[in-house]
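Okay, here's what each chain looks like letter by letter:
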Number of protein chains: 2
Amino acid sequence: METNADNVRAQMRKGMLEYCILCILAKREAYASSIIEELKAANLIVVEGTLYPLLIRQKNQGLLTYRWEESTQGPPRKYYCITDKGREQLKDMDSAWQDMVRAIETLRG
Amino acid sequence: METNADNVRAQMRKGMLEYCILCILAKREAYASSIIEELKAANLIVVEGTLYPLLIRQKNQGLLTYRWEESTQGPPRKYYCITDKGREQLKDMDSAWQDMVRAIETLRG
DNA sequence: TTTTAGTACCTTGTATTGCAAAGTATTCAA
DNA sequence: TTGAATACTTTGCAATACAAGGTACTAAAA
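## Section: the interface of chain A and chain B
And step 1. Of the residues lining the interface, 36 residues belong to chain A; the matching set on chain B comes to 36 residues.
And step 2. Interface of chain A and chain B: buried area, both sides summed, is about 3300 Å²; carbon and sulfur atoms make up 69% of it.
And step 3. Among the residues of chain A in contact with chain B, Met 12, Leu 107 and Arg 108 of chain A are the three that bury the most area, contributing 24% of the side total.
And step 4. The tally of links between chain A and chain B comes to four salt bridges.
And step 5. A salt bridge links Asp 94 of chain A to Arg 108 of chain B, with the nearest nitrogen and oxygen atoms 2.8 Å apart.
And step 6. Applying the counting criterion to the chain A and chain B interface returns eight residue pairs in polar contact (both at pLDDT 80 or more).
And step 7. Contributing elements (two or more residues each) for the side of chain A that touches chain B: helix 1 (4-13), helix 2 (17-27), helix 3 (32-41) and helix 5 (84-108) of chain A.
And step 8. With 16 residues, the single largest contributor to the side of chain A that touches chain B is helix 5 of chain A.

Below you can see the structure in the form of structure tokens.
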């Protein structure tokens, strides 16, 4: 069963994931499983069924591109890379995030 | 038309509103229009059609109660008030929020 | 008295999001 | 050639917020 606190976190995570993906890809290109690992390291649990449609969405919006790369272990990997348009969007998201942080401070203080 | 930056903010706002409502009601009781005003003052634009179902949801979960109060100008107002259960939920949300802030710092840094 | 404006509450239909679950495809080793 | 591991994809569902419209009460103007 899902605890209340889990649900609270799940709700907050919604809408933040696109920002998180761009944050990760702004530093280096990556493929889906490695993105999931990095999110998990930051305590944001995301599953494949969530991430793949999201990457496809961002690619269709021109925020990302990808290239295939052979792997020594298993099938080839789709490495995603942020575009110039993606970096602009990331700037918008940075400022939206900071506004949100300020808004919560205002309400909570 | 809606700008890209507007959409970014709308997405981030999702899942944060329940937290914001509890933040406001933790300080004082309030009715819907005054909650909207306080959110607007924090640069979080929310409309009635969003807020009313949300207040009803939180009331049904036992996080809020309300009482009617006559107004000198216009119809009576429904003043909402946070419950003990609501304050517990608020604690969970505070910690979920701080975890989210830390997660973004980790990813962005 | 009737109408109008202002305030406040509520509902319905819709688009979007993330998730669970299941499916497809490739590689390599047993 | 079968199975395990890895990786990518799709489908159906529940939850969220919003746009748009509706109901109801009060007080002032016509």
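## Thoughts on the relation of the copies chain A and chain B
And step 1. When chain A is brought onto chain B, the operation consists of a screw motion whose angular component is 180° and whose axial shift is 0.0 Å, with 0.1 Å RMSD remaining. Taken together, the rotation and translation relating the two chain copies correspond to the operation of a two-fold axis.
And step 2. When the interface residues of chain A are mapped onto chain B, 100% of them again fall at the interface, so both copies present the same face.

## Description of the packing of helix 2 of chain A against helix 5 of chain A
The relative placement of two packed helices is expressed as an angle between their axes plus a distance between the axes.
Residues and elements named next belong to chain A.
And step 1. Running from N to C, helix 2 and helix 5 cross one another at 125°; their axes reach a closest spacing of 10 Å. Relative to helix 5, the element helix 2 is oriented oblique. When you trace helix 2 past helix 5, the crossing you get is left-handed. Across the interface between the two elements, Glu 18, Tyr 19, Leu 22, Cys 23 and Ala 26 of helix 2 pack against Gly 86, Arg 87, Gln 89, Leu 90, Met 93, Asp 94 and Trp 97 of helix 5.

## Description of the protein's contact with DNA strand D
And step 1. In the vicinity of DNA strand D there are 27 residues, among which Tyr 52, Arg 77 and Lys 78 of chain A together with Arg 13 and Thr 50 of chain B approach most closely.
And step 2. A share of 73% of the atoms of DNA strand D within 4 Å of the protein falls on sugar and phosphate groups.
And step 3. Within the side chain of Tyr 52 of chain A, a nitrogen or oxygen atom sits 2.5 Å from a phosphate oxygen of DNA strand D.
And step 4. One nitrogen or oxygen atom from the side chain of Arg 13 of chain B is found 2.8 Å from a phosphate oxygen belonging to DNA strand D.
And step 5. Put simply, the parts of the chain that give the surface near DNA strand D at least two residues each are helix 3, helix 4 (48-60) and strand 2 (77-82) of chain A together with helix 2 (17-27) and helix 4 (48-60) of chain B.
And step 6. Taken together, the residues of the surface near DNA strand D break down into 12 nonpolar, eight polar and seven charged.

Reading guide: rules and limits
- Residues numbered from 1 in each chain as written.
- Chains lettered and ligands numbered in written order.
- Predicted model: local features only at pLDDT ≥ 70, side-chain atom pairs only at ≥ 80, totals over all residues.
- Heavy atoms only, no water.
- Contact = heavy atoms within 4.5 Å.
- Buried area = accessible area lost by both parts, 1.4 Å probe.
- Salt bridge = Lys/Arg side-chain N within 4 Å of Asp/Glu carboxyl O.
- Polar contact = N/O pair within 3.5 Å; in protein donor to acceptor, adjacent residues only side chain to side chain.
- Helix = DSSP H or I, 4+ residues; strand = E, 2+ residues; numbered from the N terminus.
- Least-squares fit on C-alpha atoms with pLDDT ≥ 70 in both.
- Axes fitted to C-alpha atoms, helices over the stretch in contact; angles between N-to-C directions.
- Parallel < 35°, antiparallel > 145°, perpendicular 65-115°, else oblique.
- Left-handed = near helix turned anticlockwise from the far one by under 90°.
- Near = heavy atom within 4 Å.
- Nonpolar A, V, L, I, M, F, W, Y, C, P; charged D, E, K, R; others polar.

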